[in-house]
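# Per-entry structural report
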Amino acid sequence: MKCPECEGDIDVPADALEGEIVTCPDCGVSFEVHKKRDGATELRPAQIEGEDWGE
Amino acid sequence: MQKDTAVNLLVDMLRIYSPSLQEAQIAEYLADRMKGDLGFRNVKIGEAYNVTAEVGSGSPITILSGHMDTVPGVQPVKVTKDAIHGRGSCDAKSALAAMIAAASDLADRSDIGTIIIAAVSDEEGNGLGTRTLIDSGIKADYAVFGEPSGIDNITIGYKGRVGLALTCGAPSLHASSPLVSQNAIESVYEVWQVIKKYAAERVGENPYTSVTASLTKIHGGSSHNTTPEQCKATIDMRIPPHMSAATTAEEIGAIVARFQADTNFPKIKLNINDVTEPFETDKTSGLIRAIVRAILQVRQKRPLLLRKTGTGDMNLLGHRLKIPVVTYGPGNPHLSHTRREFIEIDEYLASIEVYKAMLENLSRQQQQQQQALG
């Protein structure tokens with residue numbers, strides 16, 4: 001699939017789960033896999049990164 | 001593994017008090033259990049009391065590593081309906097116990113690659129256990145380090161660390177004559193100000209991408225009316241992943257040398273006692289996919305990928321073995337090192353399932369890759 005951010009190629013595995021995270025190898029932006037009702041896959045911006053202290 | 005067996009394994013581990021460099025007893029306990037009913041092979045107590053053991057065979061080879069030691073301070077072990085309390089219940093015997101339980105559950109499987117349990121010592125000290133493990137020549141495709149990230153969080157990056165000490169000696173004089181000689185405390189403080197400026201000039205978009213410097217200890221002086229004979233300060237610097245800890249250490253050395261060139265006296269001695277490189281795992285790696293899927297499968301929740309401003313043994317594993325590494329384990333990390341450590345039993349048991357699902361995913365992903373290559 002095309003990266004919504006940079007048009008780079010993102011390899012989305014055929015068995016990707018709803019909510020799985022994929023990252024564009026070109027721009028490094030991460031997306032969440034969303035399965036539409038018709039079975040098609042779309043990539044949504046992912047709120048998946050946080051910061052913390054410790055160790 | 002039965003719920004009671006898993007709970008009892010953790011409770012037994014908590015009942016063995018094991019602050020850093022006092023891990024012999026817990027190492028022997030774990031080796032006995034893994035040789036016995038838990039079904040491991042090649043169980044060894046190695047240098048630094050590290051315990052290693054294996055299940056499965058072939059590839060991928062995955063290290064599940066957790067630390068046996070805790071910070072000092074006995075905390076009574078108590079089991080309630082929902083939680084297990086005690087020193088190390090959160091940081092991080094629950095993660096280590098969960099890893100052992102997960103690998104034990106997969107011991108009879110021939111399709112999950114090789115799983116190496118590495119129970120290491122001295123994580124709360126100077127990382128002797130992990131350094132020794134790496135020096136032993138261990139090889140793997142992936143590694144997971146067990147620390148309390150929270151059941152739905154995966155730590156993918158840590159900052160590096162440069163630890164240093166500044167020592168300055170000067171004549172001790174009457175405080176009424178400060179112009180006669182340099183002052184040891186003031187000289188160390190002047191160098192500290194330059195190091196602080198070095199960090200301030202390298203502030204990034206957020207704390208994770210910034211260099212930080214903390215003055216953590218300062219000792220000097222003996223009397224209110226005498227100039228100090230000596231001053232010693234320790235400084236803790238944290239280094240973001242786009243920078244090198246070794247280069248930072250060299251640049252701090254140059255700062256001290258320049259200060260010394262400008263003022264011949266007093267002598268400032270710099271001792272760099274820790275250089276740990278930052279490490280962040282590539283988000284496109286198979287390990288990230290496997291553990292994200294595992295949390296989705298077991299927890300039906302979207303995991304959060306964390307970057308931490310601290311420094312962990314994952315830095316050593318990732319940087320030196322050059323493999324993808326994440327830190328993952330049950331427990332609230334903000335309970336670590338406190339006197340109210342506990343782990344929720346449900347979270348501990350769920351983490352066993354997450355580790356198992358992750359190992360199965362890694363193996364399945366490898367099989368898919370091999371099939372794709374024909």
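Described in the following lines is the structure provided in the data block.

## Focus on the overall build of chain B
- Scanning chain B for helices and strands turns up nine helices and 16 strands.
- With the C-alpha coordinates aligned to their principal axes, the bounding extent of chain B is approximately 80 × 50 × 35 Å.
- Split into buried and exposed, the 374 residues of chain B put 56% on the buried side.
- Long-range pairs, those at least 24 residues apart, make up 80% of the contacts in chain B between residues at least 6 apart in sequence.
- Carbon and sulfur atoms provide 49% of the accessible area of chain B, an area that totals close to 15,900 Å².

## With respect to the environment of B:Gly113
Residues and elements named next belong to chain B.
- Relative to the assigned elements, Gly 113 resides in the loop between α3 (93–105) and β6 (114–120).
- For the pair Gly 113 and Ser 57, spaced 56 residues apart in sequence, the C-alpha separation works out to 5.0 Å.
- Contacts of Gly 113, omitting those with residues within four sequence positions, involve Val 55, Gly 56, Ser 57, Gly 58, Ser 59, Pro 60 and Ser 363.

## Some remarks on the environment of A:Cys24
Residue and element names in this part refer to chain A.
- Within the secondary structure, Cys 24 sits in the loop between β1 (21–23) and β2 (30–35).
- As for Cys 24 and Ile 10, which are separated by 14 residues in sequence, their C-alpha atoms are 5.4 Å apart.
- For Cys 24, the residues in contact, after removing those within four places along its chain, are Cys 3, Cys 6, Ile 10 and Val 29.

About the thresholds
Residues numbered from 1 in each chain as written. Chains lettered and ligands numbered in written order. Predicted model: local features only at pLDDT ≥ 70, side-chain atom pairs only at ≥ 80, totals over all residues. Heavy atoms only, no water. Helix = DSSP H or I, 4+ residues; strand = E, 2+ residues; numbered from the N terminus. Buried < 20%, exposed > 50% of the residue type's maximum accessible area, 1.4 Å probe, protein only. Contact = heavy atoms within 4.5 Å. Areas by Shrake-Rupley, 256 points an atom, 1.4 Å probe, with all protein chains shown as cover.

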